[in-house]
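Report on the structure
Okay, here's what each chain looks like letter by letter:
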Amino acid sequence: MRTQVAIIGAGPAGLLLGHLLRAEGIDCVIVERQTRSHVEGRIRAGVLETVTTDLLHRLGIDAGLNAEGLVEDGFNLADHDQLIRIDIARLTGGHVVVYGQTEMTRDLFAAAPERGLEILFEAADVRIHDADGAGPFLSFTREGAGHRLDADFIIGCDGFHGPSRKAIPAAALREYERQYAFGWLGILADVPPCHPELIYANGAAGFALASMRSTTRSRYYIQVPLSGRLEDWPEARLWDVLEARFAPLAEQGVVRGPALEMSIAPLRSYVCETMRHGRLFLAGDAAHIVPPTGAKGLNLAASDVAYLSDALIDHYRRGDESGLTGYQAKALARIWKAERFSWYLTKLMHRFPEDGPFEQRMQSAELQYVARSEAMQTAIAENYIGLPL
Ligand code: RFL
Ligand code: PHB
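The sections below set out a description of the structure shown in this document. Here the residue index of a chain counts from 1 through its sequence in written order. The order in which chains are written sets their letters, starting at A; the order in which ligands are written sets their numbers, starting at 1. Totals for whole chains, interfaces and linings use every residue, but because this is a predicted model, local features are given only for residues with pLDDT of at least 70 and side-chain atom pairs only at 80 or more, for both listing and counting. To get the side-chain values, take all heavy atoms of the structure and skip hydrogens and water.

1. Remarks on the site of ligand 2
- Inspection of the region around ligand 2 gives 14 residues, with Tyr-200, Ser-211, Arg-213, Tyr-221 and Pro-292 positioned closest.
- Whenever two N or O atoms come within 3.5 Å, that pair is a polar contact, provided that in protein one can donate a hydrogen and the other can accept it, and provided that, for residues adjacent in sequence, both atoms are side-chain atoms. Interatomic distance of 3.5 Å between a backbone N/O atom of Arg-44 and an oxygen atom of ligand 2.
- Every accessible area reported is derived by Shrake-Rupley at a probe size of 1.4 Å, with residue values counting cover from the shown protein chains alone. About the coverage of ligand 2: the protein hides 97% of its 280 Å² of free accessible area.
- For the shell around ligand 2, the elements supplying multiple residues, two or more each, are strand 15 (206-214) and strand 16 (217-225).
- In terms of residue count, strand 15 provides more of the shell around ligand 2 than any other element does, 3 residues in total.
- Residues are grouped as follows: Ala, Val, Leu, Ile, Met, Phe, Trp, Tyr, Cys and Pro are nonpolar; Asp, Glu, Lys and Arg are charged; every other residue, Gly included, is polar. Considering only residue class, the shell around ligand 2 consists of 8 nonpolar, 3 polar and 3 charged. Whether a residue is near a molecule or strand depends on its heavy atoms: if one lies within 4 Å, it is near. The way it works is that DSSP assigns letters per residue, a run of H or I at least four long becomes a helix, a run of E at least two long becomes a strand, and they are numbered from the N terminus.

Next up, the structure:
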């Protein structure tokens, strides 16, 4: 098999990139390790920046987004029982849209056949060959047979644990990492949200987030130690914590319902600055991870592939290589700012095991400053809606 652009991974980065290239008549094939239903079943991000919704509108894959997306003009931070509203519409003129990664992925899959975007699911043992040579190719096994896919370029959209980054020689990798000693325990349930806008809360028991997917579906998270296990959290125990935390803050009460999904995700900050190695490019979680505080992960994946698709289109249309040469520097400029914001909001809102009463006072003092300072609120709002491309 031969194609122009071989993409590894059918997450948001790979799917968006595939559609952006197909819209310009560029051939590409996506090779995905999992089944379609597995990818569609993953519950992850929920807040889309305009950078991301613009791509969906540009592609015309926006019927679901237009019908079900909730435009959010503000969100809230909470210092113990005090709600601090960040009026993003007034402070920036912008907004974010609540629309799940799950729903977005479903829409991108559904539009693939009619747009000639080929996705090869259940491809095992995907390997990258000759990434820094003139003839790169992928090998993989599928339905019991070995395959070879030759391409002009290979794009690693295979998430943090995929093979792409590992194909870059260690000596060429420039990596930066910060791990956190806690994770987020999430629950999804078909119950109305407790508040019309998101609440990121810092309190005596640590961090909690009240989010949503629609006016009838809620998503909540609480901070748990890394050693925390799902078995420790019968649903009733989690609802007790959420009710105690959000009852004093929310407009409506916390409504309980059976969990559609519960999972624990560790928090990590990570950047691999080496986003290009010869004809191999990395995009999305393959190159960087942010803690979910601030909802930047999916939106960074979207901006990476916006840059990369423009660069590949310039290469094929006009023989212009400047976009490909400049991709890494352009993407990293936005990535590091999102890393900073996610790290800042994580530091501001969580209990760190190494911190004591002094650091808790520092968090409260900063939140009280945010509550009074329009300059601070504007800085937070600007970052929350997403810095421009
Ligand atoms: P993804 O979504 O991880 O997709 C990568 C795809 O590559 C496939 N793959 C392979 N395919 C072929 N061969 C291999 N060897 C492969 N190895 C992996 C995988 O099956 C998968 O389909 O990366 P992408 O496209 O870069 O998108 C990034 C976003 O998914 C990610 O940034 C966000 O979901 C991060 N994230 C969140 N971000 C937010 O903005 N808000 C959130 O609330 C939020 N919650 C989360 C999250 C990430 C989580 N992870 C990674 C565990 C919650 C979780 C649990
Ligand atoms: C979510 O709804 O899953 C969500 C929202 C905001 C975040 C992280 C996750 O910062």
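Picking up after the structure, the text goes on.
2. Focus: the pairing of strand 6 (residues 82-86)
- We call two strands paired when DSSP finds no fewer than two bridges between them. Looking at chain direction, strand 5 (residues 75-79) and strand 6 are connected through 5 bridges and run antiparallel. Looking at strand 6, one finds that Asn-76 is bridged to Arg-85.
- Here strand 5 hands over to strand 6 after 2 residues, with His-80 in that stretch at a positive phi of 50 degrees.

3. Section: the packing of helix 8 (residues 297-318) against helix 9 (residues 322-349)
- The axes used here are C-alpha line fits, helices contributing only the stretch in contact, and every angle between their N-to-C directions lies in the interval 0 to 180 degrees. Put simply, helix 8 and helix 9 touch, their axes get as near as 9 Å, and they point 165 degrees apart. Looking at the two axes, helix 8 sits roughly antiparallel to helix 9. Seen from above, helix 8 lies across helix 9 with right-handed handedness. Contact residues: Asn-299, Leu-300, Ser-303, Asp-304, Tyr-307, Leu-308, Ala-311, Leu-312 and His-315 in helix 8; Gly-323, Leu-324, Tyr-327, Lys-330, Ala-331, Arg-334, Ile-335 and Ala-338 in helix 9.
- Counted by class, the contact of helix 8 with helix 9 contains 10 nonpolar, 4 polar and 3 charged residues. Any angle from 65 to 115 degrees is called roughly perpendicular, while one under 35 is roughly parallel, one over 145 is roughly antiparallel, and all others are oblique. Crossing handedness is read from the near helix: turned anticlockwise from the far helix by less than a right angle, it gives a left-handed crossing, and turned clockwise, a right-handed one. In what follows, residue pairs with any heavy atoms lying within 4.5 Å of each other are defined as contacts.

4. A few points about the packing of aromatic side chains
- Note on aromatic pairs: the rings of Phe, Tyr and Trp (six-membered ring only in Trp) are paired at centre separations within 6.5 Å, and the planes decide the class, stacked below 30 degrees, edge-to-face beyond 60, tilted for the rest. This structure, assessed with the given rule, holds 17 aromatic pairs.
- Judged by centre distance (4.8 Å) and plane angle (50 degrees), the ring pair of Trp-184 and Tyr-221 falls under tilted. With Trp-184 in strand 13 (residues 175-189) and Tyr-221 in strand 16, this pair connects stretches of sequence that are 37 residues apart. The residues Trp-184 and Tyr-221 share a single accessibility class, namely buried. Throughout this description, buried means an accessible area under 20% of the type-specific maximum (1.4 Å probe, protein chains only), exposed means over 50%, and partly exposed covers the range between.

5. Topic: the sheet that holds strand 1 (residues 5-8)
- Overall, mixed pairing links the 6 strands, which are arranged 8-2-1-12-19-18 in an open sheet. The open sheet has two free edges, formed respectively by strand 8 (118-120) and strand 18 (276-277), since each of these has just one partner strand.
- The sheet contact formed by strand 1 and strand 2 (residues 28-31) spans 4 bridges and is parallel. Opposite Ile-7, over in strand 2, you have Ile-30 as the bridge partner.

6. Considerations on helix 11 (residues 374-385)
- For helix 11, built from 12 residues, the straight-helix expectation of 16 Å at 1.5 Å per residue is met to within 8% by its first-to-last C-alpha distance of 16 Å.
- Of all the residues in helix 11, the buried ones are Met-376, Gln-377, Thr-378, Ile-380, Ala-381, Asn-383, Tyr-384 and Ile-385.
- Two to three positions downstream of the cap, the backbone nitrogen of Ala-375 sits 3.3 Å from a side-chain oxygen, assigning the N-cap of helix 11 to Ser-373. The span you would expect from a helix comes to 1.5 Å times its residue count less one.

7. Details of the site of ligand 1
- Looking at ligand 1, there are 29 residues lining it, with Ala-13, Glu-32, Arg-42, Gln-101 and Asp-285 nearest.
- At 3.2 Å from an oxygen atom of ligand 1 is found a main-chain nitrogen or oxygen belonging to Gly-297.
- Interatomic distance of 3.4 Å between a backbone N/O atom of Leu-298 and an oxygen atom of ligand 1.
- If ligand 1 stood free it would expose 1000 Å²; the protein chains cover 85% of that surface.
- Secondary structure elements with two or more residues in the shell around ligand 1: helix 1 (12-22) and helix 8.

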